Amino acid sequence: MDCYYRFQFHNQRSIVIMLLSSICSFLLASICFSFKVSCLESEFSLEGDYLLGGLFALHEVQHATPLFSPEAIECSRYTFSKSGHQMFQVMRFAVEEINNSTTLLPNVSLGYEIFDHCSDTKNLPSVFSFISKNGSIKPKENLNNYQPKVIALTGPYGSTQTMTIAPLITMDLIPLVNYGASSYALSNKLQYPSFLRTVPSNKDLIEMIIRIIQWFKWNWVAFLGSQDDYSEDGLRLFNNYIRNTGICLAYQETLSQRANYSLTLKKIDMLDINVIVVFTVPQHASNIIKAAIANNIQDKVWIASETWAMNQQLPREPGIENIGTIIGITERLLYLPGFNEFIYKDRGTADAGHNDGANNEFKSNSKTCNQNCDYCRSLTAEEIINENPTFSYAIYAAIYTIAHALHKVLQCDMNDCNKNIIVKPYMLLEQIKNLDFPLNGRQVKYDDNGDPTVSFAVVRWHTETNPPRFDMVGIYNTYPEITFTINNSLLSWHNNVSVPFSNCSVECKKGFSREPDGFYSCCFLCKKCPRNSYVNYSRDPYACFPCAESEWSDEGSTKCKKRSVVYLQFAETSSIAVMVSATCLIIILFAIFCLFAYNYNTPVVRSAGGSMCLLMLICLIMSSTSVFFFFGKPTSVHCLMRNVIFAFFFTVFLSCMAVRSFQIVCIFKMAAKFPNVHSLWVKHNGQWLFVGFFSVIHLFFCVLWMTISAPKAFGDSFTFKDQIILSCEMGNTVIISIVMFMGWFLGFLCLLFSYMGRDLPKNYNEAKSITFSLILYNVSWIAYFTAHFMLKSQYIQLVNAMTQLASINGILFSYFIPKSYIIIFQPQKNTPAYFQTSIQNYTQTISRN
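Reading the values: the criteria
- Residues numbered from 1 in each chain as written.
- Predicted model: local features only at pLDDT ≥ 70, side-chain atom pairs only at ≥ 80, totals over all residues.
- Heavy atoms only, no water.
- Helix = DSSP H or I, 4+ residues; strand = E, 2+ residues; numbered from the N terminus.
- Buried < 20%, exposed > 50% of the residue type's maximum accessible area, 1.4 Å probe, protein only.
- Contact = heavy atoms within 4.5 Å.
- Areas by Shrake-Rupley, 256 points an atom, 1.4 Å probe, with all protein chains shown as cover.
- Core = buried A, V, L, I, M, F, W, Y, C linked by side-chain atoms within 4.5 Å.
- Expected span 1.5 Å × (residues − 1).
- Disulfide = S-S within 2.5 Å.

(A) Representation of the overall build of the protein in the model. Each helix and strand in the protein was counted, giving 23 helices and 27 strands. The buried share among the 849 residues of the protein stands at 52%. Once local pairs closer than 6 in sequence are excluded, the contacts in the protein between residues at least 24 apart make up 72%. When the accessible area of the protein is evaluated, it comes to approximately 39100 Å², of which 57% is carbon and sulfur surface.

This is the structure in C-alpha cells:
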C-alpha cells in the first residue's frame, strides 16, 4: 500500500517551525506513493512500553541521481550492505537482551522502530516519523507538553547523514545516541545539544593515527579522504594536530566517487611517500585500494580509519597482498557474547517462515517508507556473523546507554520500575550525561561533549591467509589513563623487511644539525656542528648551540664537556723550585745589602755607587718578590703584583745602573774635556736627578697602566679545547710598550756607557760585568717571548718567573758577587791606597798614549 504522512499544524507561534513543517508537508505529500512496502514486524518494528528509533544503512547509494521533484529515496533499489544489515541485527539483539533482563528494566519492555537510512538528504520521512505523535508534528510550548513517538534513537551511520538530521532531533532534546558518526563538529553542544555517541570522535582517531606515525618515526605521509563531512573533518584535524610534531603532510586530497584514483596514487608514488592515511568511508576506501592494485602500487603502508579497518571484502581482492602493509584502527572490543546464538536462532525462525509459501512470506503491515529488505532473508547466519564487526559494540553500547538512562528515570530497583512516571526525552538526556557503568569489560561514560572513553586497537591485515586475518598489534586507551603501545614483534612488514622508510630526508647523524631544504620542515640537509658547539634535537634540530665558556666539544657533538681549569699550583715541583730559588736570591741580595751597608765607606762600595748601590739592591729585592705572585689561582691582585712590581723596580735599577756607568765615564773622561759640565753634574747631583726623572716618568706610566687597563686575570679557552688556562691579561698594549721601552732604553744606555768605559782602571772598569748582565737580561727576555708564542700552557707563566729571576741573577753574579768577594776574601784590595795605585797607573797609560 502507499505510504505517506499528513502533517497538521497548530498554534502558529514559531515561524521557524511553521516554515519547516510547511516544507515537510510539501515533501511528504508527494513521496512514497509509487512503491509498496512489505516488512516483517519482528525485523523493523517491535511493540514495547517505550519505543526506540534506529537508522541503519541496509543499502548503499553509490551514485545518487539528482531529482527534480520532492520525493523520498527508495533504498531497496540500491546496493545491499551486509555490514549495514549486521548493525541492524545488533540493535535487535541488544533490545531483546535488555527485555530478557530481570534487573535492568524489570517489568518494562523496550520496542523499536527501525528504518533503512541509505541517503544523506532523502531519508527525512523516517525522522519525521520518529518526532511525530499520531502522524502529526505540533509546535510545542514547552518540553513537558511534547511526547514524540520515540524516547531516543540511535544512528544513522556516517557524519554527513547524522549532521543532516541531527537538528530535527536535537531541537526537541531527543537523545540521539549515535554509533557511527565521528565528525568532531558534532561535539559542539551549542549546535547539537542532545547528540551523544558511543564511537570516539575524529579528534581521538586522528590523535591515534599521529601516534602511530610518530611511533615508527615517519614524517612524509599522504592523506586521502572523500568529499564528505567525515573526511573533511579528519583532514582539518590532521593538519592542525601535526603542527610542531615534525610530520609533513606531503600530499592531501579528498576524492569524489568519480575521481581519477590512478592519477592520485601515481602522484603519491612519484613523491616517494610510503605511508598513506586513508581516512574515508568504505566505498571510497575500496576504490582507492582497487586502484592501487590495478596500478601496481607496491610496498606502501596503508593506515585505515575505523570505517574500513575491519572490512571483510577488501582483504579478499586479488593482488592486495602486493600493495604493502595495511594497518587498521578499530574498537578494541568487537565480540558480543550471545550475538552469534541470537543470529542462528533468528535465521532458523526466519527460514521456517520463509518456507510457508509466497502468500505467507511476509506479514503485511502499514509502514512508512524504507522498511523493506528483499535481500535480507537470503543471508545465512555465517554471513551476518562474519561481517565487519567494527561498530557492533558501539550500537550495543548505544542501546544499553538508553536503557540505563531509562532505568534512572523510572527509578527502577532490582524488582520493579515506577511506570507512573511520564518519561520525556529530555529526562533521558539528563541521565545519560551522568552515566558511568561497565559493559562487557568496558566502562561506558560520556564527557561534557557527549563523547565516550576511547579504547582503540591497532590491527594488522594478513591478506595471505584464507580467510583473511586481523591481528591486534597495539592498543590506545584513555580510561582510566592514556596508554598507547605497539608490540613491534607482532607487527610483520610486507616482504618481511624492516620498518618501511617514509621520510623526506634521511635523519642526520649524531652531531649534525638540519638545514632547511625546500618548503617542508622535514626536508633538510645535514651540517656538522663546528668545534665548541653542539646540536640538541629535542631543543632545536636546526641549530648548533655554542658551548658555555667553561665547556668544550669536538666537531659533530651532541653535548658539551666540562673544561679542566689549570694554573700554576703552589705544590708543583717546578713551582717549589722557582720559589726556593727566589727565596735564596732575596736572602743573598739582603745579605749583600747588609754587607754593603756595613762596609759603606770602603772604596769597593763607594766605587760601586755608594748609596745608589744600596738603592739598586733594594730594587732587586723588590723585583724578586714579584716571582711569588706567579703561583696559585690568579687574581687581579696577583696579576698586578707580578707584572707592575718587577717592571717598576727593575726599571729604577736600570736607571741607577745607567747613571752609574755614565758617572764613571764622566769622572775619568768628561771631567778633563768638559769641566763645566762635570761641575754642573756634581753640583746639582745629576745622578739622582737622572734616576728620579726616569723613575717618576716610569711610575706615571705604571699608574696609568694600573688605572686605565690594569692587568687582570682571565681564562684562556682558545689554546686548548679541553682546558681553561688561568693567566693574566697584560692590559693596554700602548702603555705596556712604553713601560717596556723605557727599560730597554736604559739597558741600551748601560751598554753604551759600559763600552765607553772599557779602558778605565780595573777597579772602576765594570764594562764586562754590566755587559754580561745586560746580555743575559736581553737573552732571557728574548727566550721568554719566543716561548710565549710557541709554548701555550700554564707553564709559560713559569718561564716568565724564571726570566725575571735570570735577569736579577745576571746582575747579582756579574756585578755584586765579585765586589762582595773582594770585601770578604780580598780586603787588601778594598783600600784607598790600592784604588789610588790603579788610578795612577791609568793616568800614566793615558799620558804615554
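Picking up after the structure, the text goes on.
(B) Layout of the nonpolar core. If you look at the biggest cluster of nonpolar residues, it comprises 66 residues, and the most contacted ones within it are F596, F650, F653 and F816. Counting residues per element, the ones that place at least two in this core are α14 (573-598), α15 (603-608), α16 (611-625), α17 (636-673), α19 (686-708), α20 (733-756), α21 (767-790) and α22 (795-825). Residue contributions to this core peak at 13 residues, all from α17. With sequence-adjacent residues up to four places away left out, F596 is seen in contact with V605, A608, C613, L614, L617, F816, K819, S820 and I823.

(C) Representation of unusual backbone geometry within the structure. Cis geometry marks the peptide bond from N466 to P467, where omega comes out at 0°. Mapping P467 onto the fold places it in the loop between β16 (455-462) and β17 (469-477). That bond from Y479 to P480 is cis: its omega, 0°, falls within 30 degrees of zero. A positive phi angle, close to 55°, is found at D299, a residue other than glycine. Relative to the helices and strands, D299 resides in the loop between α9 (282-294) and β12 (300-304). For D299, a relative accessible area of 40% corresponds to the partly exposed category. Residues other than glycine seldom take positive phi values, yet N440 does so here, at roughly 55°. By relative accessible area, N440 is classed as partly exposed at 32%.

(D) Examining α19 more closely. Between its first and last C-alpha atoms α19 spans 33 Å; for 23 residues at 1.5 Å apiece the expected length is 33 Å, and the two agree. For α19, every residue scored as buried is listed here: G686, Q687, V691, F694, S695, H698, F701, C702 and W705.

(E) The arrangement of the environment of I823 in detail. As for its placement among the helices and strands, I823 is situated in helix α22. The class for I823 is buried, based on a relative accessible area of 10%. C-alpha of I823 to C-alpha of L595: the two residues are 228 residues apart in sequence and 8.4 Å apart in space. If we skip the residues at most four places from it in the chain, I823 touches L595, F596, N599, V604, V605 and N830.

(F) Structural context of the state of the cysteines. One pass over the full model with this rule turns up nine disulfides. A disulfide bridge connects C373 with C376, and the sulfur atoms are separated by 1.6 Å. Residues C373 and C376 are joined by a disulfide whose S-S torsion is about 90°; by sign, that bridge is right-handed. The exposure class of C376 is buried, given its relative accessible area of 3%. Note that C508 is cross-linked by a disulfide to C526, the S-S spacing being 2.0 Å. Looking along the S-S bond of the C508-C526 disulfide, the torsion reads about -95°, which is the left-handed sense. You can see C508 sitting in the loop between β18 (483-486) and β19 (512-516) and its partner C526 sitting in strand β20 (residues 524-528), a full 18 residues away along the chain.

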